[in-house]
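Reading the structure
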Amino acid sequence: DVKVTQSSRYLVKRTGEKVFLECVQDMDHENMFWYRQDPGLGLRLIYFSYDVKMKEKGDIPEGYSVSREKKERFSLILESASTNQTSMYLCASSKLTGNYGYTFGSGTRLTVV
Amino acid sequence: AQSVAQPEDQVNVAEGNPLTVKCTYSVSGNPYLFWYVQYPNRGLQFLLKYITGDNLVKGSYGFEAEFNKSQTSFHLKKPSALVSDSALYFCAVRDTYSGGSYIPTFGRGTSLIVHP
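Quick summary incoming for the structure in this document. What you see is a predicted model, and the numbers here were worked out from it, not measured in a lab.

**Details of the overall build of chain B**
Looking only at helices and strands, chain B features 0 helices and 12 strands. When its helices and strands are written in sequence order, chain B yields β-β-β-β-β-β-β-β-β-β-β-β. A compact globule built from 116 residues should have a C-alpha radius of gyration of about 13 Å, and chain B, at 14 Å, falls within 12% of that. Seen through its principal axes, chain B has C-alpha atoms that stretch 45 × 30 × 20 Å. When each of the 116 residues of chain B is scored for burial, the buried share is 45%. For chain B, the share of sequence-separated contacts (at least 6 apart) that also reach a separation of at least 24 residues comes to 58%. For chain B, the exposed area adds up to about 5,500 Å²; of that, 48% sits on carbon and sulfur atoms.

Dropping the structure here:
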């Protein structure tokens, strides 16, 4: 069964910590995405990548960075976690054109205290 | 630029009744349209998509959606709702004229509540 795996379902971190959220896909997809989901705001794109070592900013990249060293893995990094980054984080992947849809991971609910 | 709107934050329906979750879109070219469902504390699951062809698209769990080009709509429907259909539903669109950027835009989501 093809899938996108996010390493943690729930995570609690302290303000100022560096946080790594990991995402791995086994579908040989070119595109990978990181979204943030907040009530009433829907899904907001943080970063996406269409190839290894390539990355593009989404709508809300401030306070985040990403890394894609291998095709199957896309990491989201919170350089210095803040309470306003408490949220649900969703990773997704797709073939390059996205014509077949986008496959999502189960999400990581991050709480920054 | 592409955009999608889900005009209802919440839809309430009685079990056994038909349901409709609305979605309208705006694109420059032809749209690729998707519906996803999200259960609490889970990721989004693919329901169905429209790329081209028949305007009525059938998907998972008995859901279907009707593409209407003149009204720029892609409403999600189900003939008979189940309590287990209660979830958050997202519509998404991708423009064929995306300038090489194949990124979808998601709506804000509609919470569907099916009452027993």
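Right, picking up where we left off after that structure.
**What to know about unusual backbone geometry**
Phi angles above zero are rare outside glycine, and A:Lys53 is one such case at about 65°. With respect to the helices and strands, A:Lys53 occurs in the loop between β5 (42-49) and β6 (56-57). You can call A:Lys53 exposed: its relative accessible area is 57%. Located in the positive-phi region is B:Tyr61, a residue other than glycine, with phi close to 60°. Topologically, B:Tyr61 is positioned in the loop between β7 (56-58) and β8 (64-68).

**Considering the interface of chain B and chain A**
Contacts between the two partners involve 20 residues from chain B and, on the opposite side, 25 residues from chain A. Of the roughly 1,800 Å² buried at the junction of chain B and chain A (both faces included), carbon and sulfur atoms supply 55%. When residues of chain B are sorted by the area they lose upon contact with chain A, B:Asn41, B:Tyr102 and B:Ile103 head the list and together hold 30% of the total. Here chain B is connected to chain A by 0 salt bridges. Applying the counting criterion to the chain B and chain A interface returns 4 residue pairs in polar contact (both at pLDDT 80 or more).

**Section: the environment of B:Lys49**
Residue placement: B:Lys49 occurs in strand β6 (residues 44-50). Judged by relative accessible area, which is 28%, B:Lys49 ranks as partly exposed. Distance in space between the C-alpha atoms of B:Lys49 and B:Phe67 is 9.9 Å, their sequence separation being 18 residues. Ignoring sequence-local partners within four residues, the contact set of B:Lys49 consists of A:Asn99, A:Tyr100, B:Leu33, B:Phe34, B:Val57 and B:Phe74.

**Some words on a nonpolar patch on the surface**
Side chains of A:Tyr50, A:Met54 and A:Leu96 sit close together on the surface and give an oily, nonpolar patch of about 230 Å² of accessible area. If you trace the backbone, A:Tyr50 turns up in the loop between β5 and β6.

What counts and how
- Residues numbered from 1 in each chain as written.
- Chains lettered and ligands numbered in written order.
- Predicted model: local features only at pLDDT ≥ 70, side-chain atom pairs only at ≥ 80, totals over all residues.
- Heavy atoms only, no water.
- Helix = DSSP H or I, 4+ residues; strand = E, 2+ residues; numbered from the N terminus.
- Rg over C-alpha atoms; globule rule 2.2 N^0.38 Å.
- Buried < 20%, exposed > 50% of the residue type's maximum accessible area, 1.4 Å probe, protein only.
- Contact = heavy atoms within 4.5 Å.
- Areas by Shrake-Rupley, 256 points an atom, 1.4 Å probe, with all protein chains shown as cover.
- Buried area = accessible area lost by both parts, 1.4 Å probe.
- Salt bridge = Lys/Arg side-chain N within 4 Å of Asp/Glu carboxyl O.
- Polar contact = N/O pair within 3.5 Å; in protein donor to acceptor, adjacent residues only side chain to side chain.
- Patch = residues over 30% accessible without salt bridge, like charges linked within 9 Å, V, L, I, M, F, W, Y side chains within 5 Å.

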